[in-house]
Amino acid sequence: MRIFSGIQPTGRKHLGNYLGAIVQYVEGQQRAADAGDVAIYCVVDLHAMTVPWEPAEMRERVYDTAAVLLAAGLDPEQCIFIRQSDMPEHTELAWHLGAVTSHGDLNRMHQFKEKSARQRDLISADLFTYPVLMAADVLAYRANEVPVGDDQRQHVELMRDVAQRFNDRFGEVLVVPELRIPSVGARIMDLQDPTSKMSTTGGSVEGTVYVLDEPKAVEKKFKRAVTDSEDPPRIVRGASKPGVSNLIDILSATRGMTPDEVEASLADARGYGDLKVATADAVNELLAPVRERYTALRADEDALEAIFAAGAEKARAITQPTLRDVRAAMGIGPRT
Ligand code: TRP
């Protein structure tokens, strides 16, 4: 069982990213290794170039993201940790997959519609073909499983269609991967607006807890979290209690308890203040060591480059044979 996922080098990572994607990556590298295979995690700087970007900042954001992931427990000895732009096989395969990708399907992608509507001067061709590169990222490794957020569902469905169409036309060369949506992170909501997801783009700063926030800032954000005015207050989940439900979910995810256990543990609480303090403490206990490791890792850019170089070498041992098979099946390149 081989896992592949990509993570954007844009934006600061928040608690929703951490509990949803990042924790699942760390768990995945172990699960893949136990199954005698490997998990591949890729910082997708080429995808970050599909909307306007600042060249002077791009490499910095890649280092930031790499340091967060390593601090959270990605182990470059156990998994394959790469930077997308180090891997020409991804872009080469993207071209080949373009031959079996329908223009009409790309035109139906929700993310393309949303992002293209936001562009002021240029809607780049790369934004349009973004899902083809994403398909190539995964298919180059013949990965079986793709852990992503719910917003990437349509892209994974497209990559499955593309792999299937390739195999139908050229023979069984590629593996059709399965989507895997994390159960927890998908549900982490903004603390100020608990009916919308915690997010770097849409959300409020006050309602978004960043992995690298100082403990004081974390405490403050939880203290000000929106709850409800039920009197007496009840620390239970419910559709009419999105703020309280969100805090219970966060506490349960950070402490590794079920939401029922969390509710039971707070049965004697005096009010929502107790729930907020317990949640802030749990989040700080989880993130403080990550923040410390981040600072050390981020300070040594040469070491990060060395990790990427070693990752790319391991990655090429998988992607180069795939590309050889793809070229042979499509009838391009030298005779084999
Ligand atoms: N598009 C994904 C996102 O924005 C990132 C990504 C790029 C990805 N390539 C991937 C995710 C391959 C999974 C597999 O979240």
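Residues numbered from 1 in each chain as written. Predicted model: local features only at pLDDT ≥ 70, side-chain atom pairs only at ≥ 80, totals over all residues. Heavy atoms only, no water.

## With respect to the layout of surface pockets
Just so we agree on the cut-off: Cavities and pockets are found on a 1 Å grid laid over the protein atoms alone: a cavity is a set of points where a 1.4 Å probe fits but cannot escape, a pocket is an open set with protein on both sides within 12 Å along at least five of seven lines, and a lining residue has an atom within 4 Å of such a point. Grid points are joined across faces, edges and corners, and a volume is the space filled by probe spheres set on the points. Helix and strand assignments follow DSSP, with helices taken as H or I runs no shorter than four residues and strands as E runs no shorter than two, numbered in order from the N terminus. For this classification, the nonpolar set comprises Ala, Val, Leu, Ile, Met, Phe, Trp, Tyr, Cys and Pro, the charged set comprises Asp, Glu, Lys and Arg, and every other residue, Gly included, is treated as polar.
Each pocket or cavity is described by its volume, and for the second largest pocket that value is around 350 Å³. The wall of the second largest pocket is formed by 17 residues, among which Ala 94, Asp 126, Thr 129, Val 132 and Leu 133 lie closest to the centre. Of all the secondary structure elements, the ones that give two or more residues to the lining of the second largest pocket are helix H2 (45-48), helix H4 (88-98), helix H5 (103-107) and helix H8 (130-139). If one sorts the elements of the lining of the second largest pocket by residue count, H4 sits on top with four residues. In the lining of the second largest pocket, the residues fall into eight nonpolar, eight polar and one charged.

## What to know about the domain arrangement of the protein chain
The condition is simple: What fixes the domain bounds is an automatic or database domain assignment. Throughout, a residue-residue contact means that at least one pair of heavy atoms, one from each residue, lies within 4.5 Å. What counts as buried area is the accessible surface, traced by a 1.4 Å probe, that two parts surrender upon association, with contributions from both included. For this analysis, a salt bridge means a side-chain nitrogen from Lys or Arg found within 4 Å of a carboxyl oxygen belonging to Asp or Glu. Nitrogen and oxygen atoms within 3.5 Å of one another constitute a polar contact, given that in protein one can donate a hydrogen and the other can accept it, and given that sequence-neighbouring residues count only through two side-chain atoms.
For the protein chain, the assigned domains are domain 1 (3-186 + 301-330) and domain 2 (215-294). Taken together, the nine residues of domain 1 in the interface contact ten residues of domain 2. Interface area lost by domain 1 to domain 2 is led by Leu 15, Tyr 18 and Ala 71, which between them contribute 59%. Our count for the contact surface shared by domain 1 and domain 2 stands at zero salt bridges. For the pair domain 1 and domain 2, the number of links is one residue pair in polar contact (both at pLDDT 80 or more). The set of elements that each furnish at least two residues to the side of domain 1 that touches domain 2 consists of helix H1 (15-34) and helix H3 (55-72). Of the residues that constitute the side of domain 1 that touches domain 2, the class distribution is eight nonpolar, no polar and one charged.

## Details of the packing of H4 against helix H14 (residues 301-330)
The criterion, for reference: Structural elements are reduced to axes, namely lines fitted to C-alpha atoms, with helices fitted over the stretch in contact, and the angle between N-to-C directions of any two is expressed from 0 to 180 degrees. Each angle receives one of four descriptions, namely roughly parallel if under 35 degrees, roughly antiparallel if over 145, roughly perpendicular if within 65 to 115, and oblique otherwise. For any helix crossing, the convention is left-handed if the near helix is rotated counterclockwise from the far helix by under a right angle, and right-handed if that rotation is clockwise.
Relative orientation of the contacting elements H4 and H14 amounts to 25 degrees, with a least axis distance of 10 Å. When the axis of H4 is compared with that of H14, the two are roughly parallel. The interaxial crossing formed by H4 with H14 has left-handed handedness. Side by side, H4 and H14 meet where Glu 89, Glu 92, Leu 93 and His 96 of the first sit next to Arg 316, Thr 319, Gln 320, Leu 323, Val 326, Arg 327 and Met 330 of the second. Partitioning the contact of H4 with H14 into residue classes produces four nonpolar, three polar and four charged.

## So, the site of the ligand
Defined as follows: The nearness test applies per residue and asks whether one of its heavy atoms lies within 4 Å of the molecule or strand. Accessible areas in this description were obtained via Shrake-Rupley with a 1.4 Å probe; residue shielding takes into account the shown protein chains only.
Close to the ligand lie 13 residues, the nearest being Gln 8, Tyr 130, Asp 137, Val 148 and Gln 152. Within the side chain of Tyr 130, one N or O atom sits 2.6 Å away from a nitrogen atom of the ligand. Isolated, the ligand exposes 360 Å² of accessible area, and the fraction of that covered by the protein chains is 90%. For the shell around the ligand, the secondary structure elements donating two or more residues are strand E1 (3-7) and H8. Ranked by residues supplied to the shell around the ligand, first place goes to H8 with four residues. Of the residues that constitute the shell around the ligand, the class distribution is seven nonpolar, five polar and one charged.

## Observations regarding the pairing of E1
Stated precisely, the cut-off is as follows: Summary of the burial criterion: residues with accessible area below 20% of their type's maximum are buried, those above 50% are exposed, and those between are partly exposed, where the area comes from a 1.4 Å probe applied to protein chains only. Strand pairing requires that DSSP identify at least two bridges connecting the strands.
Along E1, four of the five residues are buried, which leaves the element largely enclosed by surrounding structure. Two strands pair when backbone bridges link them, and E1 and strand E2 (residues 39-43) are joined in this way by five bridges, in the parallel orientation. Bridge assignment links Phe 4 to a residue of E2, and that residue is Ile 40.

## Digging into the nonpolar core
Selection rule: Throughout this description, the term nonpolar core refers to a set of buried Ala, Val, Leu, Ile, Met, Phe, Trp, Tyr and Cys residues connected via side-chain atoms within 4.5 Å.
Core analysis: the biggest nonpolar cluster contains 49 residues, and Leu 15, Phe 81 and Phe 222 have the highest contact counts within it. At the level of elements, E1, H1, E2, H3, helix H10 (215-223), helix H11 (242-255), helix H13 (272-298) and H14 are the ones that each hand at least two residues to this core. No other element matches H3, which puts nine residues into this core. Of the domains in this structure, domain 1 (3-186 + 301-330) and domain 2 (215-294) are the two that each give at least three residues to this core.

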